[in-house]
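# Observations on chain architecture
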Amino acid sequence: MLPSVPFHTGLPLAHGEAPTGGSVDLAGVLLKIGIYGFLRFSLPMLPEATAAAAPWIFGLGVVGILYGGLVALAQTDLKRLIAYSSVSHMGYCVMGLAALEPVAVEGATLQLVNHGLSAAGLFALVGMIYERYHTRSIANLGGIAARAPWLTVMFMLFTFSSIGLPGLNGFVGEFMILIGSFQRAWGGVSAAWRPAYLAMAVSAVAGVVLGAWYMLWAVERVFFGASREPPHDHGGHETPAATHAHAHADAHGHAHGAGHDHGAPAVPTDDLRWYEWLAVGPPAALALWIGLFPATFLAPSARAVRAAMAPGAAALAARMEAGDAVTARLPAPPPLTAHLDRIP
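Residues numbered from 1 in each chain as written. Predicted model: local features only at pLDDT ≥ 70, side-chain atom pairs only at ≥ 80, totals over all residues. Heavy atoms only, no water.

### Side note on the overall build of the protein chain
The following threshold applies: The numbering of helices and of strands both runs from the N terminus, where a helix is a DSSP run of H or I of at least 4 residues and a strand a run of E of at least 2. Partly exposed describes any residue whose relative accessible area lies between the buried limit of under 20% and the exposed limit of over 50%, with all areas from a 1.4 Å probe on protein chains only and scaled to the type maximum. Any two residues having at least one pair of non-hydrogen atoms within 4.5 Å are treated as being in contact.
Across its full length, the protein chain holds 13 helices and zero strands. When its helices and strands are written in sequence order, the protein chain yields α-α-α-α-α-α-α-α-α-α-α-α-α. Every one of the 344 residues in the protein chain was classed for burial, and the buried ones make up 47%. Nonlocal contacts in the protein chain, meaning residues at least 24 apart in sequence, comprise 81% of its contacts between residues at least 6 apart.

Below, the structure is given as structure tokens:
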């Protein structure tokens, strides 16, 4: 599976209908199989076809980055927003792979791991929010930071990882992909392709800004500002947060007895529980580890990645050199003043 435009349409629907565990599995593992197939089979076994398709695949990656970011910006469902952010981030992996530069392909390989950590963490936390409030609507959520500060901290950590904050894993992969893409655009393509490659590489940088925009805006609306909870249903039932607060207050009263009836009740909290820490703690630690020590994860796969991409890169280089040779043999157009002397 490769959720690249125009083959992405099933991904947001699958995430919207899947349970939390299904979304975590889809984001963390299944989305990476398509890129792995390109790297393991297409590049070494079909180098000429890879070289012929590389500029177009590069362009589709850039389209995916921008399209996914713009659609994510318009979402009102928090889970669908993260699903479309996956379309955008997988566009970077497609772009890095099609650049056929060693640093870009290694960055794309690392970005597969990075996206698996950040997206899986975000989907898990959205599931925890849904368990507490039974809604994913951004308009019905707000002020969660006051009631669940550690949940907010973890969501912001994975958000910063997703948007590529320096010091976290997302920065390393995206930076390597962009560096390799500009290297390809400046010195690895024919003169005819250079303007197109430069335009696409610059457009991909705009995707970084889009990613920060839609993710930070969602965090501001969901976790900060005025406290909001989903409205009561028509049957008059309480929201899950209110039910949890009353249960907590009842337990507090029974535990301390009548002698404390006039004391202030304990403040209800919807924060992370111990078993939820076990779920989001390891991905958060890995996000920090990769961000601070990326060579730990880049070095083991570097030789295999470069060997797999070498035939495709060589075929692309030969194709671009042939294009330059054809351009050099074309006759130069006459200057604009060539026939002015014939004008009476």
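There's plenty left to go through after this.
### Quick word on unusual backbone geometry
For L100, which is not glycine, the phi dihedral falls at a positive 55 degrees. Phi is positive for H134, which is not a glycine, with a value near 55 degrees. Along the polypeptide, H134 turns up in the loop between α6 (102–133) and α7 (144–147).

### Observations concerning the side chain of H89
Which entries qualify depends on this criterion: Whenever two N or O atoms come within 3.5 Å, that pair is a polar contact, provided that in protein one can donate a hydrogen and the other can accept it, and provided that, for residues adjacent in sequence, both atoms are side-chain atoms.
Residue placement: H89 occurs in helix α5 (residues 78–99). A distance of 2.7 Å separates a polar atom in the side chain of H89 from the backbone oxygen of S162. When sequence neighbours within four positions are dropped, the list of residues in contact with H89 reads H115, S162, E174 and Y214.

### A short note on empty space enclosed by the protein
Going by this rule: Points on a 1 Å grid, built from protein atoms alone, make a cavity when a 1.4 Å probe fits but cannot get out and make a pocket when they are open with protein on both sides within 12 Å along at least 5 of 7 lines; residues with an atom within 4 Å of a point are the lining residues. Grid points are joined across faces, edges and corners, and a volume is the space filled by probe spheres set on the points.
Tallied over the full model, the rule gives three cavities of 30 Å³ or more. Residue lining of the largest cavity: S88, H89, Y92, I163, E174, G207, V208, G211 and Y214, and that is the complete set. Listed by contribution, the elements that provide at least two residues to the lining of the largest cavity are α5 and α10 (194–223). Looking at which element gives the most residues to the lining of the largest cavity, the answer is α10, with four residues.

Shape descriptors only; they carry no functional weight alone.
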